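Observations on chain architecture
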Amino acid sequence: MLATAALLSAASPAGAAPSRRVFILWLDGSTISDWSSPSLPNFHRLLDEAAVGILSTRTAHESTDPTVMRENAAVTFGAGAQAGAEGGKPIKIAGATPGLLGDALARGGYTTEVDQPRTGPDMNVALAFARSDGTVPPVFERGLPVGRLGSVILVDVGSFPMREADGVLYTIKKSIAPHDLLVVVSGSPPVARQKKGIRLSAVAIEGPGFGPGLLTSGTTRRDGLITITDLAPTIVDALGLPALTGVTGRVATVVPKANAASSLRSFDKDIVRASLDRYPLTRWMMVIAMVLVALALAVTVFAGPAPSTSSRIPRGARDWLATLVLAAAAAAPLSLYVNGAFHPSSLSVAAFEAAGVALGLAVIARAAAGLIGAFVVVLSLTALVPLIDLLFGTPLGVRSPLAFQVAGGGRFYGIDGGMLGVVVGAEIFASALLIERARDQHRAGQLIALVFAASVWLLGAPSYGSKFGAALTAVPAFGVLALLMAGKRLTRASVALIAIAALAVTGLLIAVDALRTSGAQSHVARAVEGRSSAWAIITRKVHLQWVTTVHTIWTPAILVFAGAVAIVLWRRRDLVARALEWHTLLRPALLAALVGGIAGFVFNDGGVLVTAPIAMFAAAVVFSTLLTPG
């Protein structure tokens, strides 16, 4: 602490640097809950006086080694984009240019220095101020003479005990002027979190323009959450320097909020819980749905026709199987989407709540409206709830173990591939079954067309879903369904018209995005305008597509659901023909689902996540119809 005080109080030569200074306190492995401890008076006071937030620390070279985590975080910090390092040196990654922050500070006349109050395990945090030519600023250790005071100082306390870090923070705050900028950042999350794929730590910014409240940015569009890539653009903007180009991060701003730290702790707990529950809950949802669909296939193919007396399976057993299929393969996605609203305290509690909601919804809906009516109710809710949630900033989706994962540093807003498939698939079959039961099918069709248009806009609009693959997925699916339900045939001209409509809507969404301010634009518009790397976006999406297809349970789920439907269409044509007589719009719905599933796979990163829910809904409707015909 004394050495830090000496450093901070050293005189700066006249004219050597701008009068405003930036102090960065860098520590590792801490969270917003750690900073809130009453035993840390200076951090506790910081949470009341500064703009605070949860920090997404995802880099391009993830590791659970603390040293590697530090250097990756430092390079990403200085690049303003997800980057990485190896052996203390930046590595070349498409879309990231290490040293952009260091270059900008040097051009602005700011000198950069790094202070380690005591000898640490490494000096890799100096990479945060590295220049693009590879040079790094001097690093001073305790007891070494300090020639002069830089105008931008990074004090690296590494993995100090929090009590010692609190003392260093006290020293820094005593030494700064009111017009200086203070950034306190945990560059990497606790190792235990990192091992579980949770890349969240804490950040605070104090100074002019950064009063009490929650940090936010165009990267996350989420109050109380920014990314480590946002810090370089924010520092440059706060110093009045020209904006950085070639970065993915955005300038952080403040949303006034009373008791900000308390709301952040609750938010952190919810999104971490959702991340931990995601894999087991979605895996079990798929496994149970696959087992029930396989059982329904066996009953349908081998147990004899229903409802004849030669059937080997009683009607009551078939009814219960159909209800279970409704619960597991139709109601479960909605149940998981709203699961975070219950704030489950553990995985077992989350599983119990999700199963109870899915089964309860299926039983109540069937008792009130019959099997087909229950599908209309469940699938309509499954489509509408996420769309309404989009209108309000996805307060349910951000805490859902099924939707996008904030904790992993993936999508922070809008709608992800999995929920895109859920919404599109649910709308296809809910619409077909609803129109089929409507007294005035023409008017019902007009209403459904309006719902389709609104859905495409909400899913793809930059202000809401911001999913540009949505139009390329939903427009072909909805277009085929509307055409076939109207009694038209698919011709080359109609297919071409649907394709042109999908491209036109996508182009319109990108144009609307490009008209927004730079801080609010998505990565697609920035790439179109040449302010970020289009090639980096493409390569990242192709890589994600491959990894997801090879390593996720959603891929075998598609094979089970689609394969079961194909088998029953082949082996029990008699039953299928009878079902198509009762449900005249089932064939158009299946063809629309096929088109939507293929388009979703092709035009979205992690495309199997889009295709699997569509295939699951198709299997659920087909087998429930065959199990209890009429």
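Residues numbered from 1 in each chain as written. Predicted model: local features only at pLDDT ≥ 70, side-chain atom pairs only at ≥ 80, totals over all residues. Heavy atoms only, no water.

**What to know about the packing of aromatic side chains**
Inclusion rule: Whether two aromatic rings pair depends on their centres lying within 6.5 Å, for rings of Phe, Tyr and Trp, where Trp uses its six-membered ring; planes under 30 degrees apart make the pair stacked, over 60 edge-to-face, and the rest tilted. Burial classes follow relative accessibility: with a 1.4 Å probe on protein chains only, a residue under 20% of its type's maximum area counts as buried, one over 50% as exposed, and anything between as partly exposed. Segments assigned H or I by DSSP are reported as helices when at least four residues long, segments assigned E as strands when at least two residues long, and all are numbered from the N terminus. Cation placement over rings: the criterion is NZ of Lys or CZ of Arg within 6 Å of the ring centroid and within 35° of the ring normal.
In this structure the tally under the stated criterion is 3 aromatic pairs. Ring centres of Trp 35 and Phe 43 lie 5.3 Å apart, and the angle between their planes is 45°; this geometry places the pair in the tilted category. Comparing Trp 35 with Phe 43 shows no difference in burial state: the two are buried. Between the aromatic rings of Phe 452 and Phe 478, the centroid separation amounts to 4.1 Å while the plane-to-plane angle is 5°, which identifies the pairing as stacked. Here Phe 478 lies in helix H14 (residues 469-485) and Phe 452 lies in helix H13 (residues 441-460), a separation of 26 residues in the sequence. Take Phe 452 and Phe 478: they sit in the same class, and that class is buried. Arg 571 extends its terminal NZ or CZ atom over the ring of Trp 570, reaching a point 5.8 Å from the ring centre.

**Some thoughts on the packing of helix H11 (residues 347-391) against helix H12 (residues 417-437)**
What counts here: Here the axes come from fitting lines to C-alpha atoms, over the contacting stretch only for helices, and the angles between their N-to-C directions go from 0 to 180 degrees. Throughout, the term roughly parallel applies to angles under 35 degrees, roughly antiparallel to angles over 145, roughly perpendicular to angles from 65 to 115, and oblique to all others. Crossing handedness is defined as follows: a turn of the near helix away from the far one that is anticlockwise and smaller than a right angle gives a left-handed crossing, while the clockwise case is right-handed. Throughout, a residue-residue contact means that at least one pair of heavy atoms, one from each residue, lies within 4.5 Å. Throughout this entry, Asp, Glu, Lys and Arg are counted as charged residues, while Ala, Val, Leu, Ile, Met, Phe, Trp, Tyr, Cys and Pro are counted as nonpolar. The remaining residues, Gly among them, count as polar.
The N-to-C vectors of H11 and H12 enclose an angle of 140°; their axes lie 8 Å apart at closest approach. The angle between H11 and H12 falls in the class oblique. In the crossing of H11 with H12, the sense of the turn from one axis to the other is left-handed. Across the interface between the two elements, Ala 369, Ile 372, Gly 373, Phe 375, Val 376, Leu 379, Ser 380, Thr 382, Ala 383, Pro 386 and Leu 387 of H11 pack against Met 419, Val 422, Val 423, Ala 426, Glu 427, Phe 429, Ala 430, Leu 433, Leu 434 and Arg 437 of H12. Class assignment for the residues of the contact of H11 with H12 results in 16 nonpolar, 3 polar and 2 charged.

**Focus: the pattern of salt bridges**
The condition is simple: Salt bridge, as used here, is a side-chain nitrogen of Lys or Arg placed within 4 Å of a carboxyl oxygen of Asp or Glu.
Scanning all chains against the criterion turns up 13 salt bridges. Of the charged contacts in the structure, one is a salt bridge between Arg 70 and Asp 28, with a shortest N-O distance of 2.5 Å. Here Arg 70 is found in helix H4 (residues 66-79), whereas its partner Asp 28 is found in the loop between strand S1 (22-27) and helix H2 (32-35), with 42 residues between them in sequence. Since its relative accessible area comes to 5%, Arg 70 is described here as buried. Owing to a relative accessible area of 13%, Asp 28 belongs among the buried residues under this scheme.

**Some remarks on helix H8 (residues 231-238)**
Burial runs high along H8: 7 of the 8 residues are buried. All buried positions along H8 are accounted for by Leu 231, Ala 232, Pro 233, Thr 234, Ile 235, Val 236 and Ala 238. Following H8 by one or two positions, Gly 240 has its phi on the positive side, about 75°.

**Observations regarding the confidence of the model for the protein**
If pLDDT is low for a region, its predicted coordinates should not be looked at in detail. The criterion, for reference: Scored from 0 to 100, pLDDT reflects the predictor's confidence in each residue.
Averaged over all residues, the pLDDT of the protein equals 88, while 89% of them reach at least 70. Looking at the elements of the protein, mean pLDDT is at its lowest for helix H1 (residues 2-9), recorded as 48, and at its highest for strand S2 (residues 51-56), recorded as 98. Contacts from residues 306-310, a stretch scored under 50 in pLDDT, to residues over four places away or in other chains number 9 contacts.

**Quick word on unusual backbone geometry**
Although it is not a glycine, Arg 221 sits at a positive phi angle of roughly 50°. By relative accessible area, which is 23% here, Arg 221 ends up partly exposed. Here Ser 466, not a glycine, exhibits a phi torsion of approximately 50°, which is positive. As for its position among the elements, Ser 466 is in the loop between H13 and H14. For Ser 466, a relative accessible area of 4% corresponds to the buried category.

**A look at the side chain of Ser 56**
Examined against the element boundaries, Ser 56 turns out to sit in strand S2. Among all residues touching Ser 56, those that are not within four sequence positions of it are Arg 199, Leu 200, Leu 225, Ile 226, Thr 227, Ile 228, Gly 409 and Phe 412.

**A word on the environment of Leu 326**
Topologically, Leu 326 is positioned in helix H10 (residues 315-337). Residues Leu 326 and Leu 359 lie 33 residues apart in sequence; the distance between their C-alpha atoms is 8.4 Å. With near-sequence residues (within four places) excluded, Leu 326 lies in contact with Ala 331, Ala 362, Ala 374, Phe 375, Val 378 and Ser 624.

**Digging into the nonpolar core**
Here is the rule: We call a set of buried Ala, Val, Leu, Ile, Met, Phe, Trp, Tyr and Cys residues a nonpolar core when their side-chain atoms join them within 4.5 Å.
Core analysis: the largest hydrophobic core is formed by 148 residues, its most contacted members being Leu 25, Trp 35, Phe 43, Val 184, Met 286 and Phe 561. Element by element, the count of residues in this core is highest for helix H9 (residues 260-302), at 17 residues. If near-sequence neighbours (up to four positions away) are discounted, Phe 561 is found in contact with Met 286, Ala 289, Met 290, Val 293, Ala 612, Ala 615, Met 616 and Ala 619. By size, the runner-up hydrophobic cluster in this structure holds 46 residues, among which are Trp 26, Ala 73, Leu 100 and Ile 205.

**A few points about the pairing of S1**
Within a regular strand, side chains alternate between the sheet's two faces. Formally: Strand pairing is defined by DSSP finding a minimum of two bridges between the two strands.
Across the 6 residues that make up S1, a large majority, 6, are buried. Here S1 shows a buried face lined by Val 22, Ile 24 and Trp 26 and a second buried face lined by Phe 23, Leu 25 and Leu 27. When S1 meets strand S7 (residues 152-158), the two strands line up parallel, connected through 6 bridges. When the bridges of S7 are listed, Ile 24 appears paired with Leu 154.

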